Amino acid sequence: MTRILTACLSAAALLALSTLPKPALAAGQRDDFKVCWSIYVGWIPWQYGAAQGIVDKWADKYGINIDVVQINDYIESINQYTAGQYDGCTMTNMDALTIPAAGGVDTTALIVGDFSDGNDGIVLKDKTRLADIKGQNVNLVELSVSHYLLARALETVGMSERDVTVVNTSDADLVAAYQTDDVTSVVTWNPLLSAITEQPGAHQVFDSSQIPGEIIDLMVVNTDTLKANPKLGKALAGAWYEIMADMRDDGETGKQARAAMGEIAGTDRAGFEAQLKATRVFYDASEAVNFVNSPDVKTTMQRVAEFSFKHGLLGEGAPDAGFVGVETPSGVFGSDGNVKLRFDPTYMKMAADGEL
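Rules and cut-offs
Residues numbered from 1 in each chain as written. Predicted model: local features only at pLDDT ≥ 70, side-chain atom pairs only at ≥ 80, totals over all residues. Heavy atoms only, no water. Buried < 20%, exposed > 50% of the residue type's maximum accessible area, 1.4 Å probe, protein only. Helix = DSSP H or I, 4+ residues; strand = E, 2+ residues; numbered from the N terminus. Arc of directions from axis to C-beta. Contact = heavy atoms within 4.5 Å. Pairing = 2+ DSSP bridges. Salt bridge = Lys/Arg side-chain N within 4 Å of Asp/Glu carboxyl O. Polar contact = N/O pair within 3.5 Å; in protein donor to acceptor, adjacent residues only side chain to side chain. Phe/Tyr/Trp six-rings, centres within 6.5 Å; stacked < 30°, edge-to-face > 60°. Lys NZ or Arg CZ within 6 Å of the ring centre and 35° of its normal. Core = buried A, V, L, I, M, F, W, Y, C linked by side-chain atoms within 4.5 Å.

Our focus in this paragraph is helix 13 (residues 285-293). Residues of helix 13 that are buried include every one of A285, A288, V289, F291 and V292, and no others. Down the axis of helix 13, the buried set is contained in an arc of 160°. They therefore lie on one face. Buried positions along helix 13 lie against strand 4 (107-116), strand 10 (216-222), helix 10 (230-248), helix 14 (296-310), strand 14 (339-343) and helix 15 (346-352).

What follows is the structure, given as structure tokens:
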């Protein structure tokens, strides 16, 4: 799964987004909605829920229609959401900040589904300590969560990006690149990570379980749409936690659900379950609510914003890391007057309290 921040939203990029054709996702109250998702272990459940009629069941309960659409290109899905072609979209916390929010689209993290707990990692060839990365070329998808992971990892051993050279490498090329003599260090995510660690001389020296809760996977929705249509939030939350109940089930229901999700992922049940082991999934709504209510979310978003500002991802006009305000239950990081990303546990709490 390609969870990538492609580039800063420069004036040119914003102009490009503004000129994309905008279908009539009208403001105000309405009954028809569209959300999109892309392939990743934490977002595949949406396709399962659509195929099993769970999404339709909850949409019917609130008298609305929800079209769940797969988009193969992750960044394209975010761009289309940002351009107003979808009401909701799956994305990471970092991409939510640097693409729609930085682009001026007020966005709410409706469902916090999971965080990476080992799905992203750093691999060195013939070296066994993270400190051995000093002076090396590091192949990764530049300006992605892999890049963020590298920066955070270097901090833990008293280094910074100045101590390495980042080599921008497409995710499609990373496995093959590692097999060449010239490549000695890579940062990537599963299933690529697993494929690389199986290679001779490969040693995983750091992974996302060492920065728990920082690479967060979300279903976000347009804030104005949600305010005008709370029934959308209720239906999506209700559907999600019914899907989660199937997914975690220890019996035949769970086996069939995980097998179906594995097929969507291009693997089988065992392969999908292996990916789940490196993912901290919030199966219970109460767990997600507790996570969002923790002050750690605000701290994480400050780190993400500082990384993003340093790399020019908040736009050419951003004067500092707090240019885009991020609202959390613990308070706002950044500009109170430019809040564009909101972590709102309201609908997850309704699910936890049995109020949907």
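This next bit is on the pairing of strand 1 (residues 32-37). In the sheet, strand 1 pairs with strand 2 (residues 65-70) via six bridges, with the strands oriented parallel. Within the sheet, the bridge partner assigned to W37 lies in strand 2 and is Q70.

Let us look at the pattern of salt bridges. Per the counting criterion, the structure on display carries 14 salt bridges. Between D106 and R342 there is a salt bridge whose closest N-O contact spans 2.7 Å. Residue D106 is located in the loop between helix 5 (93-101) and strand 4, and its partner R342 is located in strand 14; the two are separated by 236 residues in the primary sequence. R342 shares its class with D106; the two are buried. Across the salt bridge formed by E327 and R342, the nearest N and O atoms sit 3.6 Å from each other. With E327 in strand 12 (residues 325-328) and R342 in strand 14, this residue pair connects regions lying 15 residues apart in the sequence. When salt bridges that share partners are traced, they join R152, E155, E214 and R303 into one network.

Now for the side chain of D217. Counting through the fold element by element, D217 comes out in strand 10. Classification of D217 as buried rests on a relative accessible area of 1%. At a separation of 3.4 Å, a polar atom in the side chain of D217 contacts the side chain of Y40.

A few words on unusual backbone geometry. Look at D126: it is not a glycine, yet its phi comes out positive at around 65°. Tracing the backbone through its elements, the reader meets D126 in the loop between strand 5 (120-125) and strand 6 (137-140). Residue D126 is classed as exposed on the basis of its relative accessible area of 58%. Phi angles above zero are rare outside glycine, and L143 is one such case at about 60°.

This paragraph deals with the packing of aromatic side chains. Each aromatic ring pair is summarised here by two numbers: the centre-to-centre distance and the angle between the ring planes. Using the criterion set out here, one finds seven aromatic pairs in the structure. Aromatic side chains F115 and F291 sit 5.6 Å apart centroid to centroid with 25° between the ring planes, which places their arrangement in the stacked category. With F115 in strand 4 and F291 in helix 13, the pair connects residues that are 176 residues apart, well separated along the chain. We classify F291 as buried; its relative accessible area is 17%. Here F282 and F291 contribute two aromatic rings whose centre-to-centre distance is 5.0 Å and whose plane-to-plane angle is 40°, an arrangement assigned as tilted. These aromatic residues form a ring-pair network of at least three members: Y40, W43 and Y74. The ring of Y86 has K34 lying over it, and the distance from NZ or CZ to the ring centre is 4.7 Å. In this structure, K125 is placed above the aromatic ring of Y178, and the distance from its NZ or CZ to the ring centre is 4.6 Å.

Of the positions making up helix 2 (residues 44-51), those classed as buried are I44, P45, W46, Y48 and G49. Downstream of helix 2 by one or two residues, G53 has phi in the positive range, about 80°.

Our focus in this paragraph is the environment of G322. Its location among the elements puts G322 in the loop between helix 14 and strand 12. Given a relative accessible area of 14%, G322 falls into the buried group. Placed 14 residues apart in sequence, G322 and D336 show a C-alpha to C-alpha distance of 9.3 Å.

Turning to the nonpolar core, a few remarks are in order. Grouped together as the largest cluster of nonpolar side chains are 104 residues, with contacts concentrated most on I66, I122, I133 and F343. Examining the composition of this core, we find that ten residues originate from one element, helix 10, more than from any other. Setting aside chain neighbours within four positions, we find I122 in contact with L130, I133, L149, L150, A153, V186, V187, H203, Q204, V205 and F206. With nine residues, the next largest nonpolar core counts Y178, V186, I196 and A202 among its residues.

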